[in-house]
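Overview (structure and organization)
Chain by chain, the residues run as shown.
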Amino acid sequence: MPKHMLTDFRAEVYENGKGGYAAGEYIASDAEYNKDLFPEFADGVNAKSELVQPLIGDGRTVVAVHKLTVNGSEQTIVDVYHIGPRGGRIDNIQRYIAQ
């Protein structure tokens, strides 16, 4: 279930350009993450993501390894999402940027 939810979330952010909407619908209001590392979580941001490998899930934790392009700058990113036990919303995101 968490991988399906994260697939829907990623579609809203990266395919539909609705990062602000997706953040409001899928991320808990008290979620722990550094908002500055996620410029794509705003509506209208030109962000593209290509998974390097399929999503990896273990319980309520899902890992996305992807090539992220924001405003023409591409980086390889590892995002670790945790889905909360109540309400099924993302309650923690850690982002690691490959050098």
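Criteria and thresholds
Residues numbered from 1 in each chain as written. Predicted model: local features only at pLDDT ≥ 70, side-chain atom pairs only at ≥ 80, totals over all residues. Heavy atoms only, no water. Helix = DSSP H or I, 4+ residues; strand = E, 2+ residues; numbered from the N terminus. Rg over C-alpha atoms; globule rule 2.2 N^0.38 Å. Buried < 20%, exposed > 50% of the residue type's maximum accessible area, 1.4 Å probe, protein only. Contact = heavy atoms within 4.5 Å. Areas by Shrake-Rupley, 256 points an atom, 1.4 Å probe, with all protein chains shown as cover. Lys, Arg positive; Asp, Glu negative; His and termini not counted. Charge placed at Lys NZ, Arg CZ, Asp CG, Glu CD. Salt bridge = Lys/Arg side-chain N within 4 Å of Asp/Glu carboxyl O. Polar contact = N/O pair within 3.5 Å; in protein donor to acceptor, adjacent residues only side chain to side chain. Axes fitted to C-alpha atoms, helices over the stretch in contact; angles between N-to-C directions. Parallel < 35°, antiparallel > 145°, perpendicular 65-115°, else oblique. Left-handed = near helix turned anticlockwise from the far one by under 90°. Nonpolar A, V, L, I, M, F, W, Y, C, P; charged D, E, K, R; others polar. pLDDT = per-residue confidence, 0-100. Phe/Tyr/Trp six-rings, centres within 6.5 Å; stacked < 30°, edge-to-face > 60°.

Right, let's talk about the overall build of the chain for a bit. When you go through the chain residue by residue, the secondary structure sums to two helices and six strands. Reading the chain from its N terminus to its C terminus gives the helix and strand order α-α-β-β-β-β-β-β. A compact globule built from 99 residues would reach a C-alpha radius of gyration of about 13 Å, and the chain, at 12 Å, matches this within 12%. By its C-alpha atoms, the chain is 35 × 25 × 20 Å across when sized along the principal axes. A total of 99 residues make up the chain; the buried ones form 37% of that total. Excluding contacts between residues fewer than 6 apart, the proportion of contacts in the chain whose partners are at least 24 apart in sequence is 40%. Working note: accessible area of the chain is about 5,900 Å², and carbon and sulfur atoms make up 47% of it. Positive and negative side-chain charges of the chain, numbering 10 and 14 respectively, have mean locations separated by a distance of 2 Å.

Quick look at the side chain of Arg10 now. Its location among the elements puts Arg10 in helix 1 (residues 2-15). In this structure, Arg10 is buried with no salt-bridge partner, the nearest side chain bearing the opposite charge being Asp79 at 5.6 Å. In this structure the side chain of Arg10 is engaged in a polar contact, spanning 2.8 Å, whose partner is the side chain of Ser49. Contacts of Arg10, omitting those with residues within four sequence positions, involve Glu15, Ser49, Leu51, Leu55, Ala64 and His66.

We now examine the packing of helix 1 against helix 2 (residues 19-26). Running from amino to carboxyl end, helix 1 crosses helix 2 at an angle of 155 degrees, the nearest separation of the two axes being 7 Å. Classified by the interaxial angle, the pair formed by helix 1 and helix 2 is roughly antiparallel. Here helix 1 runs over helix 2; the crossing is right-handed. In this structure, helix 1 contributes Met5, Asp8, Phe9, Glu12 and Val13 to the contact, and helix 2 contributes Gly19, Tyr21, Ala22, Ala23 and Tyr26. Of the residues in the contact of helix 1 with helix 2, the class split is seven nonpolar, one polar and two charged.

With 99% of its residues at a pLDDT of at least 70, the chain reaches an overall mean of 94. In the model of the chain, helix 1 stands out as the element of lowest mean pLDDT, 94, in contrast to strand 6 (residues 90-97), which has the highest, 97.

With that settled, the discussion passes to the packing of aromatic side chains. As enumerated under the stated definition, the model contains six aromatic pairs in all. Centroid distance Phe9 to Tyr81: 6.0 Å. Interplanar angle 75 degrees. Geometry classified as edge-to-face. Pair noted here: Phe9 is in helix 1 and Tyr81 is in strand 5 (residues 73-83), with a separation of 72 residues, a long-range link. As far as burial versus exposure is concerned, Phe9 and Tyr81 are alike and both buried. Centre to centre, the rings of Tyr33 and Phe38 are 5.6 Å apart; their planes meet at 80 degrees, and the pair counts as edge-to-face. Accessibility expressed as a relative area gives 19% for Tyr33, which makes it buried. Residue classification places Phe38 among the buried residues on the basis of a relative accessible area of 3%. Each residue in the set Phe9, Tyr26, Tyr33, Phe38, Phe41 and Tyr81 is aromatic and connected to the rest through ring pairs, giving one cluster.

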